[in-house]
Amino acid sequence: MADKLEVTEEVNRVRALFGLTGRVAVITGGAGLLGTKHAEIIATAGGSPVLLDLPQVKPRLAAEAIAKKYSVDATGFAADITQLAVVEKVRDQLLARFGRIDILINNAANNPKVEAESSGSSSKTWSRLENFPLDIWNDDLRVGLTGAFLCSRVFGSEMAKRGKGVILNVASDLAVIAPDQRLYRQEGVPEDQQPVKPVTYSVVKTGLLGLTRYLATYWATSGVRVNAISPGGVFNNQPKAFLAELEQRIPLGRMAHADEYQGAILFLCSDASSYMTGANLVVDGGRTCW
Ligand SMILES: NC(=O)c1ccc[n+]([C@@H]2O[C@H](COP(=O)([O-])OP(=O)(O)OC[C@H]3O[C@@H](n4cnc5c(N)ncnc54)[C@H](O)[C@@H]3O)[C@@H](O)[C@H]2O)c1
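Reading guide: rules and limits
Residues numbered from 1 in each chain as written. Predicted model: local features only at pLDDT ≥ 70, side-chain atom pairs only at ≥ 80, totals over all residues. Heavy atoms only, no water. Helix = DSSP H or I, 4+ residues; strand = E, 2+ residues; numbered from the N terminus. Rg over C-alpha atoms; globule rule 2.2 N^0.38 Å. Buried < 20%, exposed > 50% of the residue type's maximum accessible area, 1.4 Å probe, protein only. Contact = heavy atoms within 4.5 Å. Areas by Shrake-Rupley, 256 points an atom, 1.4 Å probe, with all protein chains shown as cover. Lys, Arg positive; Asp, Glu negative; His and termini not counted. Charge placed at Lys NZ, Arg CZ, Asp CG, Glu CD. Axes fitted to C-alpha atoms, helices over the stretch in contact; angles between N-to-C directions. Parallel < 35°, antiparallel > 145°, perpendicular 65-115°, else oblique. Left-handed = near helix turned anticlockwise from the far one by under 90°. Expected span 1.5 Å × (residues − 1). Arc of directions from axis to C-beta. 1 Å grid on protein atoms, 1.4 Å probe; cavity = no way out; pocket = protein on both sides within 12 Å on 5 of 7 lines; lining within 4 Å. Points joined across faces, edges and corners; volume = space filled by probe spheres on them. Nonpolar A, V, L, I, M, F, W, Y, C, P; charged D, E, K, R; others polar. Core = buried A, V, L, I, M, F, W, Y, C linked by side-chain atoms within 4.5 Å.

*Asks:* Tell me about the overall build of the protein chain, residues and numbers included.
*Replies:* Looking only at helices and strands, the protein chain has 8 helices and 7 strands in total. The C-alpha radius of gyration computed for the protein chain amounts to 20 Å, which stays within 12% of the reference 19 Å derived for 290 residues, consistent with globular compactness. A principal-axis box enclosing the C-alpha atoms of the protein chain has dimensions of 70 × 55 × 40 Å. Considering the protein chain as a whole, with its 290 residues, one finds that 49% of them fall into the buried category. Across the protein chain, contacts joining residues at least 24 apart in sequence account for 76% of those joining residues at least 6 apart. With an accessible surface of roughly 14,200 Å², the protein chain has 55% of that area assigned to carbon and sulfur atoms. If the 31 positive side-chain charges of the protein chain are averaged to one point and the 30 negative ones to another, these points end up 4 Å apart.

Right, here's the structure in full:
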C-alpha cells in the first residue's frame, strides 16, 4: 500500500506540474471569445493574466471581471499589438509592476465570419480571391503575423534574458488543412459570387507554425519554449446549415465549446509540457485526421 506521504507527494507533483503561481501571462486578443477563456484558466492555476486588446473591446473591464471572480492580479491594457512602441510600453509597465514576464499567448487575429456573410448576392463578394482587397490582406497579416512577431520579439527577448518562459501561438485546424469552401456555400448564389474563407486565414495560421518552429529553435538554449495550438471551430451560434455541414466533417460530431481548449492551454503554458517545444498540438475533435 502506497503510504500517505507518497500519495501527498504525487498530488503535490501534479499541482506543481500544472500550477502557474506567480507567473505573469500576456494574452493578445485577451478580451475576445477565447482570449478570456485562456485568461480564466491561467487565473485558476494561480497565474496573473495580462489582457492586451483593442480599446473598443474594453480589455480593462474584462481583466477586472477576472480579477474579481478568481481573486487574482489580472490586468488589462488597451494596446494595438501591431505597434512596436505600444508593445514596448506594455513590457516596461509589466516589468515595473511584476519584474517578470513568464508566458505569452499570441492569440489575437482578425476573424471575419464568412459563414454568416450576406454579401453573397453582391456581384463582388469580398472574400473571394479574385476580389480580395489588398487592405484586408495587409491588415490580417499585420494583426496575425506581424503582431505575433512583435510580441514575441519584445516579450520573448525578456524571457530569454531571464532564461525561462513560454510562448504559445494560437493557430487553427486551418493551419493543417485547406478550408473546405463547400462549407460556406449559400443557396441560390452564383458560383463566382459564393463567399469563401479568406486566403489570409490560411496564410496567417500556417505562418504561425513557421514562427513557432523558428522561435523554438532560436531560443531553445535560452529556456524559452515555443509551441502552437491548432484549435478547431468553436460553437458560437453559427447558421444551422453551416453547422450541419461542418459537424459531418468532425469525427466527434460537433464544434468545440469555448472552454474546451483550456486544458490544452494550461498544459502548454505550464511545466507539464516541459519537454515540448516547436510542436503544434491539434485539438480539433478529430477533423484533420479524417
Ligand atoms: N473561435 C474559433 O472557432 C477559432 C478556431 C480556431 C482558431 N481560433 C483562433 O483563436 C484566436 C481567438 O479567436 P476568437 O474566436 O476568440 O476570436 P475573437 O475575434 O473573439 O478574438 C480575437 C481578439 O483579437 C483582438 N485583436 C484584433 N486586432 C488586434 C490588435 N491589433 N491588437 C490587439 N488585439 C487585437 C480582437 O479585438 C479580439 O478581441 C484567434 O487567433 C483565432 O484565429 C479561433
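*Asks:* Quick one: what's the story with the packing of helix 2 (residues 33-44) against helix 8 (residues 262-269), residue by residue and with numbers?
*Replies:* Helix 8 packs onto helix 2 with a crossing angle of 60° between their chain directions and a minimal axis gap of 9 Å. Between helix 2 and helix 8, the angle is such that the two are oblique. Here the hand of the crossing between helix 2 and helix 8 comes out right-handed. Where helix 2 approaches helix 8, its residues K37, H38, E40 and I41 are matched on the opposing element by Q262, I265 and L266.

*Asks:* Give me the lowdown on helix 4 (residues 84-98), citing residues and values where you can.
*Replies:* Its 15 residues give helix 4 an end-to-end C-alpha distance of 21 Å, which sits within 8% of 21 Å, the value for a rise of 1.5 Å per residue. Taken together, the buried positions of helix 4 are V87, V90, R91 and L94. Looking down the long axis of helix 4, one finds its buried residues gathered within 100° of arc, a one-sided arrangement. Opposite the buried face of helix 4, at more than 90 degrees from it, the exposed residues are A85, K89 and A96. Here the buried face of helix 4 lies against strand 1 (24-28), strand 2 (48-53), strand 3 (75-78) and helix 5 (134-162). Following helix 4 by one or two positions, G99 has its phi on the positive side, about 75°.

*Asks:* Explain empty space enclosed by the protein to me, and be specific about the residues and the numbers.
*Replies:* Unoccupied space between atoms shows up once a probe the size of one water molecule is rolled over them. Enumeration over the complete set of coordinates arrives at 2 cavities of 30 Å³ or more. Taken as a whole, the largest cavity spans an internal volume of roughly 70 Å³. Taken together, A109, N110, P112, D140, V143, G144, T200, Y201, V204 and K205 make up the full set of residues lining the largest cavity. Per-element accounting of the lining of the largest cavity gives the leading share, 4 residues, to helix 6 (residues 199-218). Each residue belonging to the lining of the largest cavity can be placed in one class, and the counts come to 5 nonpolar, 3 polar and 2 charged. Within this model, the second largest cavity holds a volume of roughly 40 Å³. Lining the second largest cavity are T28, I81, N106, N107, A108, V143, G144, G147, A148 and L208. At 4 residues, the largest contribution of residues to the lining of the second largest cavity is made by helix 5.

*Asks:* Go over the nonpolar core with me, naming the residues and quoting the values.
*Replies:* It is characteristic of soluble globular proteins that their nonpolar side chains tend to be buried jointly. By size, the foremost hydrophobic cluster in this structure holds 32 residues, and its most contacted members are I66, I103, I105, L168, I229 and I265. Discounting chain neighbours no more than four positions away, the residues touching L168 are L104, I105, N106, N227, A228, I229, I265, L268 and C269. Ranked by size, the runner-up nonpolar core spans 28 residues in total, among them L52, F155, A216 and W219.

*Asks:* Give me the environment of N131: which residues, what numbers.
*Replies:* Mapped onto the elements of the fold, N131 is located in the loop between strand 4 (103-106) and helix 5. Residue class for N131 comes out partly exposed when judged on its relative accessible area of 24%. Residues N131 and Q193 lie 62 residues apart in sequence; the distance between their C-alpha atoms is 10.0 Å. The contacts of N131, once residues within four sequence positions are left out, are K124, T125 and W126.

*Asks:* Outline the layout of surface pockets, listing residues and values.
*Replies:* By volume, the largest pocket is sized at about 1,000 Å³. In terms of lining residues, the largest pocket is bounded by 46 residues, among which A109, N110, N111, K113 and Y201 are the most central. The set of elements that each furnish at least two residues to the lining of the largest pocket consists of helix 2, strand 2, helix 5, helix 6 and helix 7 (240-248). Of all the elements, helix 2 adds the most residues to the lining of the largest pocket, at 3 residues. A breakdown of the residues in the lining of the largest pocket according to their chemical character gives 24 nonpolar, 12 polar and 10 charged.

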